[in-house]
Amino acid sequence: MISALALKGIALLHTMLTLILKIKEMKLKLKKKKNKKENERGDLNKVVIWRTYLIANEWNELQLYRKTNIGIQLILMLFVMEYLNFCEWAKVQPGFGRYNQPIGVIETKMSRFAINLSFYLIIGITQWIIQVIVIERLADPFRNFMDLCSVANISVLALTHPLRGYYIHGRSVHGYADTDMLQMNTFLQREKENVCALRGLESGADLQTFICNLPYTFNERINQILEGMNLKGIGDFNGRLQQKSGQFERTTIKMQQQTKIYKELNNYLKDFINRVDPKCGEYKCIDENFIEEMLNMELIDTGKIGTFRRDKSEMAYSSAFIYGNEWALMSFELLLFCVVDMFWLNRIFASVFVYLISKLILLITKIYFTNQLAKSCLIDSRF
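What you see is a predicted model, and the numbers here were worked out from it, not measured in a lab. (Residues numbered from 1 in each chain as written. Predicted model: local features only at pLDDT ≥ 70, side-chain atom pairs only at ≥ 80, totals over all residues. Heavy atoms only, no water.)

Asks: Even after reading the chapter, I still don't get the packing of helix α4 (residues 70–83) against helix α12 (residues 347–377), so can you show me in this structure?
Replies: Running from N to C, α4 and α12 cross one another at 170°; their axes reach a closest spacing of 10 Å. In terms of orientation, α4 lies roughly antiparallel with respect to α12. Touching I70, G71, L74, L78, M81 and E82 of α4 are R347, I348, S351, V354, Y355, S358 and K359, all from α12. Taken together, the residues of the contact of α4 with α12 sort by class into 7 nonpolar, 3 polar and 3 charged. (Axes fitted to C-alpha atoms, helices over the stretch in contact; angles between N-to-C directions. Helix = DSSP H or I, 4+ residues; strand = E, 2+ residues; numbered from the N terminus. Parallel < 35°, antiparallel > 145°, perpendicular 65-115°, else oblique. Contact = heavy atoms within 4.5 Å. Nonpolar A, V, L, I, M, F, W, Y, C, P; charged D, E, K, R; others polar.)

What follows is the structure, given as structure tokens:
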């Protein structure tokens, strides 16, 4: 059991590091070609960074969202085992009596482990089902995030691997998002009455989420842009810091250089999504077949032409969060509870210990994820 806990801990560490280090998330504002009315608006189509900060913070908040609640899990575990006396099932004797057990009947560590494991799984899976089927039917944070992207006119590309990731098409069907409350209400009413275009990436479609497998040219271009920041930016940054150290803080000067790279990267991503130039890279939107969905892998070559696979569930991008990797954390907490209880024979102590360890893991993950998010998005970490 200790070996299983150690291996599960390593697996959990790998999952968390993957979420923290491999997620290269980039925000981009996508614009339609300007028509006469949009030209009259002028500055309304300029990128307002507050909307990007808003989406980045909402993404960061989703990172710790889970299908189960560790506090509720442990309280119910203690209630069932100690108050309802199901712990008596661990005693080695025929039947499943909970009261008036014969004197001399004892439990073994293995029987105690089996009962703890069984009830922890039952409570956890019940929580999982209620959360997904009942609670999220009323308030789904991931679909709410997609709606927010559309209202804010911000699309999100989250890369879990250099050439694979998830895309949320958040381009506003109204062409811009910087407006007053009255105009925004009018926009929402028009969408409700279906008197405007659909939100989807493809014409005449409403689907906003895709699993993307990108061509080599995309990764090469992204690396070129980021290398420009690493190589050219260092000398320029140090020189300007020496000249203006009395006027600007170090972070401010760094952000001035980073903003140029952000703009260049943003422009490239817009051109790629809008298919402005084949040199930027090409892609096609296709449906995911059953085998690829089961294996969670690409079976065709996307080196030259990438693919955006339609995510009809609209939940595939949750794999970039703890939510999509719930089993890794839940199973670790399960084994930790069972092992601690097996050594100390005290479920209350085991519950407190597991709760503190779980919260510590999430706290550390949040700190590192927030820092990595600011770096990968090229936005100011002060916001």
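There is more to say after this.
Asks: Is there a simple way to think about a nonpolar patch on the surface in this case?
Replies: On the surface, I125, I129, I130, V132, I133, V134 and I135 cluster together into a nonpolar patch covering about 560 Å² of accessible area. On the basis of relative accessibility, which here comes to 42%, the residue I125 falls in the partly exposed class. (Patch = residues over 30% accessible without salt bridge, like charges linked within 9 Å, V, L, I, M, F, W, Y side chains within 5 Å. Areas by Shrake-Rupley, 256 points an atom, 1.4 Å probe, with all protein chains shown as cover. Salt bridge = Lys/Arg side-chain N within 4 Å of Asp/Glu carboxyl O. Buried < 20%, exposed > 50% of the residue type's maximum accessible area, 1.4 Å probe, protein only.)

Asks: Which parts of the structure should I look at to understand the nonpolar core?
Replies: Here is a general trend for soluble globular proteins: nonpolar side chains tend to be buried in one another's company. Core analysis: the biggest nonpolar cluster contains 50 residues, and W59, F145, F218, F308 and Y317 have the highest contact counts within it. For this core, the element with the most residues is helix α9 (residues 250–274), which contributes 7 residues. Leave out the neighbours within four places in its chain, and Y317 touches W59, F142, R143, F145, M146, Y166, I168, T209 and D311. If you look at the next biggest cluster of nonpolar residues, it comprises 32 residues, including A90, F119, I123 and C338. (Core = buried A, V, L, I, M, F, W, Y, C linked by side-chain atoms within 4.5 Å.)

Asks: Would you mind showing me how to read the pattern of salt bridges here?
Replies: A side chain with one charge can pair with a side chain of the opposite charge if their charged atoms come near. Following the criterion strictly, the structure yields 13 salt bridges and no others. In this structure, R112 and D341 form a salt bridge, with 2.6 Å as the shortest nitrogen-oxygen distance. Remark: D341 occurs in helix α11 (residues 326–344) and R112 occurs in helix α5 (residues 109–138); sequence separation between them is 229 residues. Owing to a relative accessible area of 7%, R112 belongs among the buried residues under this scheme. Look at D341 and you get buried, because its relative accessible area is 0%. Note that R199 is salt-bridged to E191, the shortest N-O span being 2.7 Å.

Asks: Quick question: what am I supposed to make of α11 here?
Replies: Count 3.6 residues to each turn of an α-helix, and residues three or four apart come out pointing the same way. Between its first and last C-alpha, α11 extends 27 Å over 19 residues, near the 27 Å set by a 1.5 Å rise per residue. The buried fraction of α11 is high, at 16 of 19 residues. The first or second residue beyond α11 is L345, which carries a positive phi of 55°. (Expected span 1.5 Å × (residues − 1).)

Asks: How should the packing of aromatic side chains be read in this particular structure?
Replies: The geometry of an aromatic ring pair is captured by the separation of the ring centres together with the interplanar angle, meaning the angle of the planes. Counting across every chain of the model gives 26 aromatic pairs. Seen from their ring centres, W89 and F119 are 5.8 Å apart, and the 55° between their planes marks the pair as tilted. Of this pair, W89 sits in the loop between α4 and α5 while F119 is found in helix α5, placing the two residues 30 residues apart along the sequence. Each residue in the set W59, Y65, F142, F145, Y317, F321 and Y323 is aromatic and connected to the rest through ring pairs, giving one cluster. We note K67 situated over the ring of Y323; from NZ or CZ to the ring centre the distance is 4.8 Å. Over the aromatic face of F343 sits the side chain of K109, whose NZ or CZ is 5.9 Å from the ring centroid. (Phe/Tyr/Trp six-rings, centres within 6.5 Å; stacked < 30°, edge-to-face > 60°. Lys NZ or Arg CZ within 6 Å of the ring centre and 35° of its normal.)

Asks: Just checking my understanding: could you explain the UniProt feature "transmembrane region" (unreviewed entry) in the chain for this structure?
Replies: Per the UniProt annotation, the sites labelled "transmembrane region" (unreviewed entry) are residues 6–23, 117–135 and 348–369. Secondary structure content for residues 117–135 is 100% helix and 0% strand, and the end C-alpha separation is 26 Å. (UniProt positions renumbered as here; feature names shortened; annotations may be inferred.)

Asks: Which parts of the structure should I look at to understand the environment of E61?
Replies: In this fold, E61 is placed in helix α3 (residues 49–62). A residue is classified by how much of its surface remains accessible, and E61, at 54% relative accessible area, is exposed. When the C-alpha positions of E61 and T370 are compared, they lie 9.5 Å apart, and in sequence the two are 309 residues distant.

Asks: I would appreciate a short explanation of α3 in the present structure.
Replies: In this model α3 runs 20 Å from its N-terminal to its C-terminal C-alpha over 14 residues, within 8% of the 20 Å that 1.5 Å per residue would give. Among the residues making up α3, those that are buried are R51, T52, Y53, I55, A56, W59, N60 and L62.

Asks: Whenever I open this one, the packing of α4 against α5 confuses me. Can you help?
Replies: Helix packing for two helices is described by the angle between their axes and how far apart those axes are. The geometry of α4 relative to α5 is characterised by a closest axis approach of 10 Å and an angle of 130° between their N-to-C directions. Classified by the interaxial angle, the pair formed by α4 and α5 is oblique. As for how α4 packs across α5, the hand of that crossing is right-handed. Together, I70, I72, Q73, L74, L76, M77, V80 and M81 of α4 and I115, N116, F119, Y120, I123, G124 and Q127 of α5 make up the contact between the two elements. (Left-handed = near helix turned anticlockwise from the far one by under 90°.)

Asks: I'm lost on unusual backbone geometry in this one. Help?
Replies: Across the chain, the bulk of peptide bonds are trans and the bulk of non-glycine residues have phi less than zero. You will see that R275, though not glycine, has its phi angle at about 55°, which is positive. Following the sequence through the fold, R275 ends up in the loop between α9 and β5 (282–287). Located in the positive-phi region is E314, a residue other than glycine, with phi close to 60°. With respect to the helices, strands and loops of the structure, E314 is situated in the loop between β6 (305–310) and α11.

Asks: Could you clarify how one ought to interpret the pairing of strand β3 (residues 164–168) in this entry?
Replies: Consecutive side chains along a regular strand alternate between the two faces of the sheet. The buried fraction of β3 is high, at 5 of 5 residues. The side-chain alternation of β3 yields two buried faces, one formed by R164, Y166 and I168 and the other by G165 and Y167. Sheet topology places strand β2 (residues 155–161) next to β3; 5 bridges connect them, and they run antiparallel. Pairing of L157 across the sheet is with Y167, part of β3. In the sheet, β3 pairs with strand β4 (residues 209–213) via 5 bridges, with the strands oriented antiparallel. Each residue of the ladder has a partner; that of G165, found in β4, is C212. (Pairing = 2+ DSSP bridges.)

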